[in-house]
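Observations on the three-dimensional arrangement
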Amino acid sequence: MQLTTDISVYQCENHGEDMGLSLRIDIDNPFGYATFFRKVLNKVSLDFNLIPRWSSLGYLDNAKALRDYLAGNGVPATWFFRNETTPGRRDISTFSRAPFDLALHAERTDTFENFAAEVRKWTRAMGARPTGFSKHGSGDRKLSRKHVMEYDAEAFIGFGNRAGFEYFSGNGTEYNQGFQNRGGLVYIPSVFWLDNPTLHTPGTTLDSVVEFSRENAVVVLVHPIWWGTQLEVRAQLESLIRKTELQGMREQVRHFRETSASP
Ligand SMILES: [Zn+2]
């Protein structure tokens, strides 16, 4: 399979709104759930950050397998790392070099100060400032000791603007809602949940998402743990890659911002 990352496939001159489809990957769990031992590592790591980030323990193994698969197919993707799931020093470049890009998966979002502290910590660990972020959890349950459960998109848009972000990718399920320019910050209210399709209106298929993306911008969300453990999710991603030419999310965002006016 040959896949190009050339963004000229937008054909901007001919189809101003032809925005395509990009891949957002949220890295929630560093160790996965394959064995009881892994579950314990996961919990201790996420709640207390006490486990070394060693590959020999299986740290990020699902994410690394997904990375190798996407890199092998030249598929662009943006990796949203939590501070608790950032790669070890030696692995950062393998997740950030083209066609990949890094972003923040934010947790402590109750106040701007806590959000800004997360951004600082992430920047120190990764060696670069994030330009985009998403939120860990959609407001339905507390996911770890330090996790802030509330999901308030308007507050996050404000935080993002104040901290100089380019975009915020939200957790809504109406994938066809489009992008919004909110004072310079690009707000993407919804995504297509590739590994949780029951969140969508019955009858929503991958084909309908691909079809919609021919004239509109769409973000598709995948979690490495479900890709790594569920054949169905793997098949869906493979099918998506076969059916469409994915764009880098940052390019997609920048293209949208250039062609839209801030209200
Ligand atoms: Zn998450």
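The sections below set out a description of the structure shown in this document. None of the values given here were measured: they were computed from a predicted structure.

1. Some words on the pairing of strand E1 (residues 21-27)
Each regular strand carries side chains that alternate between the two faces of the sheet. Counting buried residues along E1, seven of its seven residues qualify, which places the element largely inside the surrounding structure. Alternating residues of E1 divide into Leu21, Leu23, Ile25 and Ile27 and Ser22, Arg24 and Asp26, and every residue in both groups is buried. The pairing of E1 with strand E9 (residues 218-222) spans five bridges and is classified as parallel. Note on E9: the bridge partner recorded for Ser22 is Val219. Bridge analysis of E1 against strand E10 (residues 246-247) gives two bridges, and the strand direction is parallel. The residue bridging Leu21 from the neighbouring strand is Leu246, located in E10. Pairing between E1 and strand E2 (residues 77-81): four bridges, direction parallel. If you follow Ile25 over to E2, its bridge partner there is Trp79.

2. Section: the pairing of E9
Counting buried residues along E9, five of its five residues qualify, which places the element largely inside the surrounding structure. Note: strand E8 (residues 192-193) against E9, two bridges, orientation parallel. Note that in E9 the partner of Phe192 across the bridge is Val220. The parallel pair E8 and E9, bridged by helix H6 (residues 206-213), forms a crossover whose chirality is right-handed.

3. Looking at helix H4 (residues 112-126)
Compared with the 21 Å implied by 1.5 Å per residue over 15 residues, the 21 Å span of H4 between its first and last C-alpha is a close match. Those residues of H4 lying buried are Phe115, Glu118, Val119, Trp122 and Met126. Looking straight down H4, one finds that the buried residues subtend no more than 100° of arc, so they occupy a single side. Those residues of H4 that are exposed and angled more than 90 degrees off the buried face are Glu113 and Arg124. Each element contacted by the buried residues of H4 is listed here: helix H3 (89-96), strand E3 (100-106) and helix H5 (153-162). Where H4 ends, the next residue or the one after it, Gly127, has phi of about 80°, a positive value.

4. Some details on the environment of Glu84
Relative to the elements of secondary structure, Glu84 occurs in the loop between E2 and H3. The sequence separation of Glu84 and His105 amounts to 21 residues, and the corresponding C-alpha distance is 9.7 Å.

5. Observations concerning the nonpolar core
Ranked by internal contacts, the top residues of the largest apolar core, which has 58 residues, are Trp79, Phe192 and Val220. When residues no more than four places from it in sequence are discounted, the contact partners of Trp79 are Ile25, Ile27, Phe95, Phe100 and Leu102.

6. With respect to H5
Among all positions of H5, only Phe156, Ile157, Phe159 and Gly160 are buried. Projected down its long axis, H5 carries its buried residues within an arc of 165°, all on one side. Opposite its buried face, H5 presents the exposed residues Glu154 and Arg162, each directed more than 90 degrees away.

7. Quick look at the environment of Ala155
Assignment of secondary structure puts Ala155 in helix H5. With 44 residues separating them along the chain, Ala155 and Thr111 place their C-alpha atoms 8.8 Å apart.

8. With respect to unusual backbone geometry
Apart from glycine, the bulk of residues carry a negative phi angle, and the bulk of peptide bonds sit in the trans form. Of the consecutive residues Ala98 and Pro99, the connecting peptide bond is found in the cis state with omega at 10°. Relative to the helices and strands, Pro99 is located in the loop between H3 and E3.

9. Examining the environment of Thr123
Looking at the element boundaries, Thr123 is found in helix H4. Residue Thr123 is classed as partly exposed on the basis of its 13 C-beta neighbours within 10 Å. Not counting residues up to four positions away in its chain, the partners in contact with Thr123 are Ala128 and Arg129.

Cut-off values and rules
Residues numbered from 1 in each chain as written. Predicted model: local features only at pLDDT ≥ 70, side-chain atom pairs only at ≥ 80, totals over all residues. Buried ≥ 20, exposed ≤ 12 C-beta atoms within 10 Å, placed from the backbone. Helix = DSSP H or I, 4+ residues; strand = E, 2+ residues; numbered from the N terminus. Pairing = 2+ DSSP bridges. Right-handed = clockwise from strand over helix to strand, strands pointing away. Expected span 1.5 Å × (residues − 1). Arc of directions from axis to C-beta. Contact = placed C-beta atoms within 7 Å. Core = buried A, V, L, I, M, F, W, Y, C linked by C-beta atoms within 7 Å.

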